[in-house]
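Below are the chains, spelled out letter by letter.
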Number of protein chains: 2
Amino acid sequence: MEATLSVIGGRWKGVVLFQLLKGKKRFGELRRHLPNCTQRMLTLQLRELEEDGLVKRTVFPEVPPRVEYELTPFGHTLESILVGMREWGEKYKTRL
Amino acid sequence: MEATLSVIGGRWKGVVLFQLLKGKKRFGELRRHLPNCTQRMLTLQLRELEEDGLVKRTVFPEVPPRVEYELTPFGHTLESILVGMREWGEKYKTRL
DNA sequence: CAGCATCCCCATGGATACTG
DNA sequence: CAGTATCCATGGGGATGCTG
């Protein structure tokens, strides 16, 4: 339980992971999906997810720069939990 | 997603909720199951869970005092998520 | 037994500005 | 575009002691 929370418990990690469930996303795309998350925090959370091996970061040596984020196979093992959390929140958010 | 994390995202909430899935527990019992959680933190986390309507607190007017905690029906709606998180953690904790 | 009261620290996270 | 770099505020959480 503590292990799981250490991985998805960050302020924005759940949302980021859920977005990436849908497929690869560029940094800017993620930003648009997390309007309340600062650029700095998005970077930090992504770095932590990368360190935990849940997210893969790919840098394309282009100008302007392009960076894509995607779930690793390990990241995908969280899928059912993420979907469950998302559904629970959707269903009960008004009760909080 | 954010709603769900706001409810189970606390440092000890997941563990507390998981313990209560098994049934009613007294304060002291919970403490023994969370040896790394201070008494103060356990109290605080329980109060928050109570405020969110996930946990019911029953005080028995006895000497010495007895207080029991149990999941509300609303709390039980988290069951599948909690079990999922617990299983994921058990399976992958060594990878972290 | 099951707590509250205090004091305190530091990690988490926010705001803003700058850059290859 | 996709970040760093800095500075700063908040509050989550710890240690300790007291109590009905």
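Residues numbered from 1 in each chain as written. Chains lettered and ligands numbered in written order. Predicted model: local features only at pLDDT ≥ 70, side-chain atom pairs only at ≥ 80, totals over all residues. Heavy atoms only, no water.

> Hey, could you run me through the side chain of B:Gln19 in this one?
Residues and elements named next belong to chain B. As for its position among the elements, Gln 19 is in helix α2 (residues 13–21). Relative accessible area serves as the criterion here: at 8%, Gln 19 is assigned to the buried category. With sequence-adjacent residues up to four places away left out, Gln 19 is seen in contact with Lys 25, Leu 30 and His 33. (Helix = DSSP H or I, 4+ residues; strand = E, 2+ residues; numbered from the N terminus. Buried < 20%, exposed > 50% of the residue type's maximum accessible area, 1.4 Å probe, protein only. Contact = heavy atoms within 4.5 Å.)

> Just to check I follow, could you spell out the protein's contact with DNA strand D for this structure?
Around DNA strand D, the surrounding shell holds 20 residues, and the nearest of these are A:Gln39, A:Arg57, A:Tyr69, B:Arg40 and B:Met41. In DNA strand D, atoms within 4 Å of the protein come 58% from sugar and phosphate. With respect to DNA strand D, the backbone of A:Pro65 contributes an N or O atom lying 3.3 Å from a sugar or linking oxygen. Between B:Gln45 and DNA strand D, the recorded distance is 3.5 Å, taken from a side-chain N or O atom to a phosphate oxygen. Those elements that provide at least two residues to the surface near DNA strand D are α3 (27–33), α4 (39–51) and β3 (66–71) of chain A together with α4 (39–51) of chain B. Among the elements that take part in the surface near DNA strand D, α4(A) stands out by supplying 4 residues, more than any other. Counted by class, the surface near DNA strand D contains 8 nonpolar, 5 polar and 7 charged residues. (Near = heavy atom within 4 Å. Polar contact = N/O pair within 3.5 Å; in protein donor to acceptor, adjacent residues only side chain to side chain. Nonpolar A, V, L, I, M, F, W, Y, C, P; charged D, E, K, R; others polar.)

> Explain the UniProt feature "domain: HTH hxlR-type" (unreviewed entry) in chain A to me, please; I cannot follow it from the model alone.
Mapped onto the present numbering, the UniProt feature "domain: HTH hxlR-type" (unreviewed entry) falls on residues 1–96 of chain A. End C-alpha atoms of residues 1–96 of chain A are separated by 23 Å, and the span's content is 56% helix alongside 15% strand. (UniProt positions renumbered as here; feature names shortened; annotations may be inferred.)

> Just to check I follow, could you spell out the pattern of salt bridges for this structure?
Across all of its chains, the model carries 14 salt bridges over all chains by this definition. Residue A:Arg86 pairs with A:Glu90 through a salt bridge whose shortest N-O separation is 3.2 Å. On the criterion of helical spacing, the pair formed by A:Arg86 and A:Glu90 is a turn pair, its members being 4 residues apart in helix α6 (residues 79–92). Residue classification places A:Glu90 among the partly exposed residues on the basis of a relative accessible area of 41%. A salt bridge links B:Glu90 to B:Lys93; its shortest N-O distance comes to 3.0 Å. Look at B:Lys93 and you get partly exposed, because its relative accessible area is 44%. Through salt bridges that share partners, A:Glu62, A:Arg66 and A:Glu68 make up one connected network. (Salt bridge = Lys/Arg side-chain N within 4 Å of Asp/Glu carboxyl O.)

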